[in-house]
Amino acid sequence: ADELNSHHVVVRVEKTCLSRSAVLLEELFKLAATYAKKVALEASRVALPELESQVSDFLGGVFKYAFSPEPGFRTSDLLELAFSHLGQLAAVKLVCFTRDGRATRVTEGSGVNVFAIIRELLGRGYDGLFIIDYEPRGLFLPPSSVREDFKLLSQYVSSIFSARTQ
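Everything quoted here is computed from the prediction, not taken from an experiment.

Engineer: Could you clarify how one ought to interpret the packing of helix α3 (residues 75–84) against helix α4 (residues 114–123) in this entry?
Structural biologist: A packed helix pair is summarised by two numbers, namely the angle formed by the two axes and the spacing between the axes. The geometry of α3 relative to α4 is characterised by a closest axis approach of 10 Å and an angle of 25° between their N-to-C directions. The pairing of α3 with α4 is recorded here as roughly parallel in orientation. The two elements α3 and α4 meet at a crossing, and its hand is right-handed. Together, Thr75, Leu78, Leu79, Ala82 and Phe83 of α3 and Ala116, Ile117, Glu120 and Leu121 of α4 make up the contact between the two elements. For the contact of α3 with α4, the per-class residue count stands at seven nonpolar, one polar and one charged.

Engineer: Looking at this model, I keep getting lost on the sheet that holds strand β7 (residues 129–132). Mind explaining?
Structural biologist: In any sheet, the strands associate via hydrogen bonds between backbone groups, in a parallel or an antiparallel arrangement. Read across the sheet, five strands follow the order β1-β2-β3-β4-β7 without closing on themselves; strand pairing throughout is parallel. Only two strands of the sheet have a single partner each, and these edge strands are β1 (8–12) and β7. Sheet twist, expressed as the average angle between the axes of neighbouring strands with direction ignored, equals 30°. Both strand β2 (residues 38–42) and strand β3 (residues 63–67) contribute to a ladder of four bridges, which runs parallel. For Ala40, the partnering residue across the bridge sits in β3 and is Lys64.

Thresholds applied
- Residues numbered from 1 in each chain as written.
- Predicted model: local features only at pLDDT ≥ 70, side-chain atom pairs only at ≥ 80, totals over all residues.
- Heavy atoms only, no water.
- Axes fitted to C-alpha atoms, helices over the stretch in contact; angles between N-to-C directions.
- Helix = DSSP H or I, 4+ residues; strand = E, 2+ residues; numbered from the N terminus.
- Parallel < 35°, antiparallel > 145°, perpendicular 65-115°, else oblique.
- Left-handed = near helix turned anticlockwise from the far one by under 90°.
- Contact = heavy atoms within 4.5 Å.
- Nonpolar A, V, L, I, M, F, W, Y, C, P; charged D, E, K, R; others polar.
- Pairing = 2+ DSSP bridges.

Honestly, it's all geometry; don't read function into it.
Dropping the structure here:
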């Protein structure tokens, strides 16, 4: 995080690791607090309740949440997760999926409308990060394609803010 001058680190927490994560979370908390970083914990919808019970005492200062669409998610699924944790939400990962569950660009996917997600979250006061999340999902693109998607999403966010100031 220091090398990138970032204030946040997103850590994926798998359900299979939750049984032994209490000690790891405490160590991660100490490390992040020492370096003045925020840790956004990302868990699947299935693993989230158990993660919530383990980190409830740590939330707010160092630990926050990150959410990402999963194959089969609809726009409403991701928004429901985000709205129910809005005060503790630090990052929303953006990726779409084909009908057979393969990751695809945010401009080409189905199931999740990233433009609606951005509009709704910003409309509710969300001031966290939006992260284009292709490679961890197995989608490897040339940098120019990722840059195109970033530029499109940036223009969309700018248009939302421009409309609010008029």
